[in-house]
Amino acid sequence: MTALEDTLDILAVRHEAVVAAYELATRPEQQEAIGGEALERLGINPAAATLDGAQVPAVRLALDVSVWAWVEMQAAVLFDFSADGGSYKRSQLAESAARMRRLAEERAAAAGLVGFGWPAIEIGCVRLDCGGF
């Protein structure tokens, strides 16, 4: 087993609804792209040996972010429309996926994973008194 295979197993169980809705079971290249992105964010080589127990919680959190970012990209091309007296708000999917991605990023940042939180911003003052120069 490799780290990527372990990650894909986690994907299949943890995000079963997404895998079913987007028929990812029949699209292994998409699964590998999602799983590979999660591992890359953590600095884990997808071809490395199986994940050790200490890596699994971080992989789960990074995978959550990658999955919802992927769903968000899929939903971004959808549009709202009205037809035959009905109103179809497809943008709700994009909004929900964006909320889920942000929540996943917040959980990953709270767990101390680097690269998932907002960057620290420092505000300083520029001294206007140049000492006569």
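Just so we're clear, the structure is a prediction, and the values are computed from it rather than from any experiment.

**What about the overall build of the chain?**
Argument step 1. Counting its regular elements, the chain contains five helices and two strands.
Argument step 2. Starting at the N terminus and ending at the C terminus, the chain contains elements arranged as α-α-α-α-β-β-α.
Argument step 3. Residues counted as buried form 33% of the 133 residues belonging to the chain.
Argument step 4. Taking the intrachain contacts of the chain between residues at least 6 apart in sequence as the baseline, contacts between residues at least 24 apart amount to 69%.
Argument step 5. Only carbon and sulfur atoms are counted for the fraction: they give 57% of the accessible area of the chain, which is about 8,800 Å².

**Details of helix H1 (residues 3-14)**
Argument step 1. The end-to-end C-alpha separation of H1 is 16 Å, in line with the 16 Å expected for twelve residues at 1.5 Å each.
Argument step 2. Residues Ala3, Leu4, Asp6, Thr7, Leu8, Ile10 and Leu11 constitute the buried set of H1.
Argument step 3. Each element contacted by the buried residues of H1 is listed here: helix H2 (16-21), helix H3 (28-42) and helix H4 (56-75).

**Comments concerning the confidence of the model for the chain**
Argument step 1. The predicted model of the chain has a mean per-residue pLDDT of 89, with 89% of residues at 70 or higher.
Argument step 2. Summarising per-element confidence for the chain, the mean pLDDT is lowest in strand E2 (residues 86-88) (80) and highest in H1 (97).

**Digging into the packing of aromatic side chains**
Argument step 1. Applying the stated criterion to the full structure yields one aromatic pair.
Argument step 2. Summarising the aromatic geometry, the rings of tyrosine 22 and tryptophan 70 are spaced 5.1 Å apart at their centres and angled 80 degrees between planes, so their arrangement reads as edge-to-face. On the criterion of sequence distance, the pair formed by tyrosine 22 in the loop between H2 and H3 and tryptophan 70 in helix H4 is long-range, its members being 48 residues apart.
Argument step 3. Overall, tyrosine 22 belongs to the partly exposed group, its relative accessible area being 21%.

So, how was this worked out
Residues numbered from 1 in each chain as written. Predicted model: local features only at pLDDT ≥ 70, side-chain atom pairs only at ≥ 80, totals over all residues. Heavy atoms only, no water. Helix = DSSP H or I, 4+ residues; strand = E, 2+ residues; numbered from the N terminus. Buried < 20%, exposed > 50% of the residue type's maximum accessible area, 1.4 Å probe, protein only. Contact = heavy atoms within 4.5 Å. Areas by Shrake-Rupley, 256 points an atom, 1.4 Å probe, with all protein chains shown as cover. Expected span 1.5 Å × (residues − 1). pLDDT = per-residue confidence, 0-100. Phe/Tyr/Trp six-rings, centres within 6.5 Å; stacked < 30°, edge-to-face > 60°.

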